[in-house]
Amino acid sequence: MNFIDKALADRENRSDDDFLQAMAGIYHEPEVRKILHKYPSFIRDVIYIIDYDTELQMEGVEGILEGSMSEMCGEIQSALINCGALDEARILHEARQLDIESDDYEEKIEGLQSRTALHNDYEAFWNLVREYIHSNLCAIH
């Protein structure tokens, strides 16, 4: 039984935030990534959002576009949309449209970075994720 199975089995006794924190178990059990497709889509979304936030904190928007997560940008953007973080999804979309070779690339990336929830209303961002978890957990019988 992996961290997702445990969290789902104990969902009645967990707050939405507890469930969110449990999904960070992906960093302790990375092999679970290979079977994420077996779980409800909101689980994948939450893990993509956790990955997005971690990378954003460590490497910024540029790290998301050019680092190991670059191949997951589409999934991350969809996850942000699914949970209602539309401003954050828009920022990622705009970042993906930038020309890395342009003279003002760094300036534009910094501008987008400053608009992220990390640098603005971080709590509201995570409230959206917790609400998304809540509505999806309530739908599971």
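Everything below is about the structure printed above this text.
Here the structure is a predicted model, which means the values were calculated and not measured.

1. Brief notes about the packing of helix α3 (residues 41–66) against helix α6 (residues 105–115)
Here is step 1 of the chain: The geometry of α3 relative to α6 is characterised by a closest axis approach of 11 Å and an angle of 130° between their N-to-C directions. Of the possible angle classes, the one that applies to α3 and α6 is oblique. Crossing of α3 against α6: the hand is right-handed. Between α3, through Leu56, Gly60, Val61, Glu62, Leu65 and Glu66, and α6, the contact on the second element is made entirely by Tyr105, Glu106, Ile109 and Gln113.

2. Considerations on the environment of leucine 36
Here is step 1 of the chain: With respect to the element layout, leucine 36 can be found in the loop between α2 (16–23) and α3.
Here is step 2 of the chain: Using a relative accessible area of 6% as the deciding quantity, one classes leucine 36 as buried.
Here is step 3 of the chain: Residues leucine 36 and isoleucine 47, eleven residues apart in the sequence, show an inter-C-alpha distance of 9.3 Å.
Here is step 4 of the chain: Those residues within four positions of leucine 36 in sequence are excluded, and the remaining contacts are Ile4, Arg44 and Ile47.

3. Considering the packing of aromatic side chains
Here is step 1 of the chain: Applying the stated criterion across every chain yields a total of three aromatic pairs.
Here is step 2 of the chain: Taking the centre distance of 6.1 Å and the plane angle of 25° together, the rings of phenylalanine 19 and phenylalanine 42 count as stacked. Placement of phenylalanine 19 in helix α2 and of phenylalanine 42 in helix α3 is noted, with a sequence separation of 23 residues between them.
Here is step 3 of the chain: Here phenylalanine 42 falls in the buried class, since its relative accessible area comes to 2%.
Here is step 4 of the chain: Measuring from centroid to centroid gives 5.0 Å for phenylalanine 125 and tryptophan 126, while their planes differ by 80°, and the two rings are edge-to-face.

Cut-offs and rules
Residues numbered from 1 in each chain as written. Predicted model: local features only at pLDDT ≥ 70, side-chain atom pairs only at ≥ 80, totals over all residues. Heavy atoms only, no water. Axes fitted to C-alpha atoms, helices over the stretch in contact; angles between N-to-C directions. Helix = DSSP H or I, 4+ residues; strand = E, 2+ residues; numbered from the N terminus. Parallel < 35°, antiparallel > 145°, perpendicular 65-115°, else oblique. Left-handed = near helix turned anticlockwise from the far one by under 90°. Contact = heavy atoms within 4.5 Å. Buried < 20%, exposed > 50% of the residue type's maximum accessible area, 1.4 Å probe, protein only. Phe/Tyr/Trp six-rings, centres within 6.5 Å; stacked < 30°, edge-to-face > 60°.

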